[in-house]
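The lines below spell out each chain.
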Amino acid sequence: MNTTLSHTIHTDLKKTHATRKEIKTFYDEATEDYTFWSQDFNMHFGYFSFGKTNLLRRDTMLNEMNTQVLKRLELSSSKQFVADLGCGMGGTMRHFLDRHAALSMIGVTVSDFQVTEGNKLLKKYPAVIVKEDFRNTSISSNSVDGAIAMESFCHSGHSVDTLKEAYRMLKPGKRLVIGDAFLKKSPHKLCLGSSYSYRKLCEKWSLEGLGIIQEVKENLEKIGFSKVNVEDISPRVAPSVFHVPFAIPLFLLKKITKGEPIKKQSWDNLKASFYALTSGLHMKDFGYYLITAEK
Ligand SMILES: C[S@@+](CC[C@H](N)C(=O)[O-])C[C@H]1O[C@@H](n2cnc3c(N)ncnc32)[C@H](O)[C@@H]1O
């Protein structure tokens, strides 16, 4: 590897890309753009399931991801209370609430925009979005019947304090489900192309960094979680990732024809989506996983 380039990449990998302020600003400014990605305001990738989803209709795959996460929570049909840690506009919350009659939910986010607009969409449901840090919430200990984190814990690098907070709020015997991209090896062992994509992905999406899958599993077990099940669902996620090169030009075209300016955060979002695609192509270095862990 070219030593100067290698040095630059490795030095940059040590940087913390995401301050809470940066994450908040990113989501305050770019959340609206997600309508181009999902009519239902799903701010994650999808899950392809033959016969249930349509490769050409992205939202069928994005909503199937919600269904898969809900299934893994194994909620009972009685009164249940679930926390969505990093809930975005509450797309996953609404999906769950439409399918479980006795469910109430709390979502946490750092974005004021998501609190205001997300709560409007949740008006008819027993649910609320609050502005809190998922590393330190006001949710009582041993109070929730399930906790989920869909493409949100990457903003804190799937850190131990983030996982501990989820553990604290869960009732014994209840589950945490995480859906996210992870590294398969240390950032320093990534090939040149992966390193570059990874650095750009973190920078543009204000991510602290992706967790290393084996380390995250071990950390969950050290914290006290049992039955930690790690599923590599990359092939099921890939079809929705391949929507990115089509969705981005369409979004740009719409903005340009309407004469609307494209904000810095929108550009960052678009570039990050592109780097998600280039990272996904490095299958030896990155994977998309569903992790289920029981307290
Ligand atoms: C990519 S969005 C995913 C949203 C949602 N889970 C979904 O799949 O539609 C990431 C979310 O994580 C939230 N987030 C990032 N860091 C956070 C933190 N420290 N505390 C709470 N929320 C956070 C953001 O505000 C945003 O809502």
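All of the points below concern the structure found in this document. The structure displayed is predicted, hence computed values, not measured ones.

### Some points on the environment of G287
You can see G287 is positioned in strand 7 (residues 286–294). Note on G287: 22 C-beta atoms within 10 Å, which makes it buried. Along the primary structure G287 and S234 are separated by 53 residues, whereas in three dimensions their C-alpha atoms are 5.6 Å apart. Every residue in contact with G287, bar those within four places of it in the chain, is listed here: F182, K184, I213, D232 and S234.

### Structural notes on the nonpolar core
Ranked by size, the top nonpolar core spans 62 residues in total, and within it V82, A83, L85, V144, A147, I148 and L201 carry the most contacts. Looking at this core element by element, the count peaks at seven residues for strand 5 (residues 170–183). Among residues more than four places away in sequence, those in contact with I148 are V69, V82, D84, L85, T92 and V177. Listed in part, the five residues of the second largest apolar core include F26, Y27, A30 and V110.

### Describing the sheet that holds strand 2 (residues 103–109)
Pairing in this open sheet of seven strands is mixed, and the strands run 3-2-1-4-5-7-6 from one edge to the other. Of all strands in the sheet, those bounded by a partner on one side alone are strand 3 (127–131) and strand 6 (226–232). Looking at each pair of strands side by side, their axes are set apart by 15° on average, direction ignored. Sheet topology note: the strand 2/strand 3 ladder contains five bridges and is parallel. Note on strand 3: the bridge partner recorded for M105 is A127.

Conventions and cut-offs
- Each chain carries its own residue numbering, running from 1 in the direction its sequence is written.
- With pLDDT at 70 or above as the cut-off, local features in this predicted model cover only qualifying residues; side-chain atom pairs require 80 or more to be listed or tallied, and sums for whole chains, interfaces and linings still use all residues.
- Every helix listed is a DSSP run of H or I at least four residues long, and every strand listed is a run of E at least two residues long, numbered separately from the N terminus.
- Working definition of burial: number of other C-beta atoms within 10 Å of the residue's own, with buried at 20 or more, exposed at 12 or fewer, and partly exposed in between, all C-beta atoms being placed from the backbone.
- A pair of residues counts as a contact when their C-beta atoms, built from backbone coordinates, are separated by no more than 7 Å.
- Core membership is restricted to buried Ala, Val, Leu, Ile, Met, Phe, Trp, Tyr and Cys residues, and these are joined into a nonpolar core through C-beta atoms within 7 Å.
- When DSSP locates at least two bridges between a pair of strands, those strands are taken to pair.
- What counts as an axis is a line fitted to C-alpha atoms, over the stretch in contact for a helix, and the angles between N-to-C directions run from 0 to 180 degrees.

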